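Coordinates in review
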2 protein chains.
Amino acid sequence: MLTSQSLAGVLRNSGFKVTPQRLAVYEALANTKSHPNAELLYNELRPKYPSMSFATVYKTVEILNELGLITVLNTGEGSSRYDADVTEHSHIQCSVCGRVDDIGPLSVAKLDEEVTHDTGYEVQGQKFYFYGVCPACKNKA
Amino acid sequence: MLTSQSLAGVLRNSGFKVTPQRLAVYEALANTKSHPNAELLYNELRPKYPSMSFATVYKTVEILNELGLITVLNTGEGSSRYDADVTEHSHIQCSVCGRVDDIGPLSVAKLDEEVTHDTGYEVQGQKFYFYGVCPACKNKA
DNA sequence: CTCTCTGCAAAATTTTTGCACTGCT
DNA sequence: AGCAGTGCAAAAATTTTGCAGAGAG
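Small disclaimer: the values here were computed from a predicted structure and weren't measured.

**So, the protein's contact with DNA strand C**
The environment of DNA strand C is formed by 21 residues, the closest being Thr19(A), Arg22(A), Ser51(A), Lys59(A) and Tyr58(B). Per the 4 Å cut-off to the protein, sugar and phosphate atoms form 75% of the nearby atoms of DNA strand C. Here a phosphate oxygen of DNA strand C and a side-chain polar atom of Arg12(B) are 3.3 Å apart. Take Ser80(B): an N or O atom from its main chain is 3.0 Å from a phosphate oxygen of DNA strand C. Those elements giving two or more residues to the surface near DNA strand C turn out to be α2 (20–30) and α4 (54–66) of chain A together with α4 (54–66) of chain B. A class-by-class count of the residues in the surface near DNA strand C yields seven nonpolar, eight polar and six charged.

Given below as structure tokens:
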């Protein structure tokens, strides 16, 4: 999670301009654990930035992702979700209510080695998704 | 991987009708390791089934997925990929050419436990995606 | 002042749906 | 024969793109 100042620095150093919209999109992601998609970001930012557009949301998350400042999640829904937490962690989605929660670092240190040996790929990254029923939905049932 | 006969049985037992299109979609998936998306399936089946439509492809993979006969992959591309191999395994995608390869079962036996303990979810399934450069693309570089 | 960025609208892409016709059982 | 399935076309949903005006450096 970066402060607005350090985000501004990263953008500038990478040749991108620092705009209120870019800071706002990042800040919205940094201040939530709900892993919103583009629509939710748009709806959340609209009140503060009435001119905010989907184009800007999508262009911004693309840049933030390129710069490694956010992660894009594909849980299998129609749309992508975004996460400002780029530290090593995984995600789990409730098959009942659809919420996505974080899973702290798993004991997977040897996996990259295993995968390299198994496939010959030069492994650069990984995304783990778990699916199940969240505690809240379990209690309702 | 089911034979056409056993697939027919599963469909019938589940109240679905056995149609040439359904058998063909499954067979196409069972006979490839390329994890095609809907468009590739459509293009592959078109010559044999000139009337094949995207609607049928999508409706069929939805049923096959419901029945647990195929798996849907979301690597982060625009479209979903489908895999008739439902045994426990993961996938790795080349960040250069986009191909998706299989990874045999990983040493992740304790992960579900770890996740349950960490999140309180009742874990039902998981999907692991690795990203990197495939041997072929490495050699070209 | 320049050049990137924003925001609108239109387009492209992927997936879903409605409905008449086909064909499985 | 009855009813689910197919296939067409249209619609929906998500994401991308073109371009004119706005704003950051």
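Let's pick the thread back up.
**Section: the protein's contact with DNA strand D**
Close to DNA strand D lie 21 residues, the nearest being Tyr58(A), Thr19(B), Gln21(B), Arg22(B) and Ser51(B). A distance of 2.2 Å separates a phosphate oxygen of DNA strand D from a polar side-chain atom of Tyr58(A). Only α4 of chain A together with α2 (20–30) and α4 of chain B provide two or more residues apiece to the surface near DNA strand D. Its residues assigned to classes, the surface near DNA strand D shows seven nonpolar, eight polar and six charged.

**Some thoughts on the environment of Glu66(A)**
Residues and elements named next belong to chain A. Tracing the chain through its elements places glutamate 66 in helix α4. A relative accessible area of 56% places glutamate 66 in the exposed class. For glutamate 66 and proline 36, which are 30 residues apart along the polypeptide, the C-alpha to C-alpha distance reads 18 Å.

**Some remarks on unusual backbone geometry**
We note that His35(A) has phi near 50°; this positive angle belongs to a residue other than glycine. Mapping His35(A) onto the fold places it in the loop between α2 and α3 (38–45).

**As for the sheet that holds strand β3 (residues 90–94) of chain B**
Ordered by their spatial adjacency, six strands build an open sheet running β4(A)-β3(A)-β5(A)-β5(B)-β3(B)-β4(B), and the pairing between neighbours is mixed. Each end of this open sheet is capped by a strand with a single partner; those strands are β4 (100–103) of chain A together with β4 (100–103) of chain B. Shown here is a sheet whose adjacent strand axes are inclined to one another by a mean of 25°, direction ignored. Pairing of β3(B) with β4(B) involves four bridges; the strand directions are antiparallel.

**Side note on the pattern of salt bridges**
Throughout the structure, instances matching the rule amount to four salt bridges over all chains. A salt bridge links Asp101(A) to Arg99(A); its shortest N-O distance comes to 2.8 Å. Looking at Asp101(A), the relative accessible area reads 18%, which means it is buried. With relative accessibility at 44%, the residue Arg99(A) sits in the partly exposed group. Salt-bridge contacts for Glu77(B) lead to Arg81(B); the nearest nitrogen and oxygen are separated by 2.8 Å.

**Quick word on the domain arrangement of chain A**
Where interface size is quoted, it is often the accessible area lost as the parts come together. Residue and element names in this part refer to chain A. Each assigned domain of chain A is listed with its residue range as follows: domain 1 (4–83) and domain 2 (90–140). Taking the mean C-alpha position of each, domain 1 and domain 2 sit 23 Å from one another. Between domain 1 and domain 2, the contact holds ten residues from the first and nine residues from the second. Roughly 760 Å² of surface becomes buried between domain 1 and domain 2 when both sides are summed, with 44% attributable to carbon and sulfur atoms. If you sort the residues of domain 1 by the area they bury against domain 2, His35, Leu73 and Thr75 come out on top, with a joint share of 51%. Here domain 1 and domain 2 share zero salt bridges between them. The interface formed by domain 1 and domain 2 includes ten residue pairs in polar contact (both at pLDDT 80 or more). The dominant element in the side of domain 1 that touches domain 2, judged by the number of residues it contributes, is strand β1 (residues 71–73), at three residues.

Calculation notes
Residues numbered from 1 in each chain as written. Chains lettered and ligands numbered in written order. Predicted model: local features only at pLDDT ≥ 70, side-chain atom pairs only at ≥ 80, totals over all residues. Heavy atoms only, no water. Near = heavy atom within 4 Å. Polar contact = N/O pair within 3.5 Å; in protein donor to acceptor, adjacent residues only side chain to side chain. Helix = DSSP H or I, 4+ residues; strand = E, 2+ residues; numbered from the N terminus. Nonpolar A, V, L, I, M, F, W, Y, C, P; charged D, E, K, R; others polar. Buried < 20%, exposed > 50% of the residue type's maximum accessible area, 1.4 Å probe, protein only. Pairing = 2+ DSSP bridges. Axes fitted to C-alpha atoms, helices over the stretch in contact; angles between N-to-C directions. Salt bridge = Lys/Arg side-chain N within 4 Å of Asp/Glu carboxyl O. Domains from an automatic or database assignment. Contact = heavy atoms within 4.5 Å. Buried area = accessible area lost by both parts, 1.4 Å probe.

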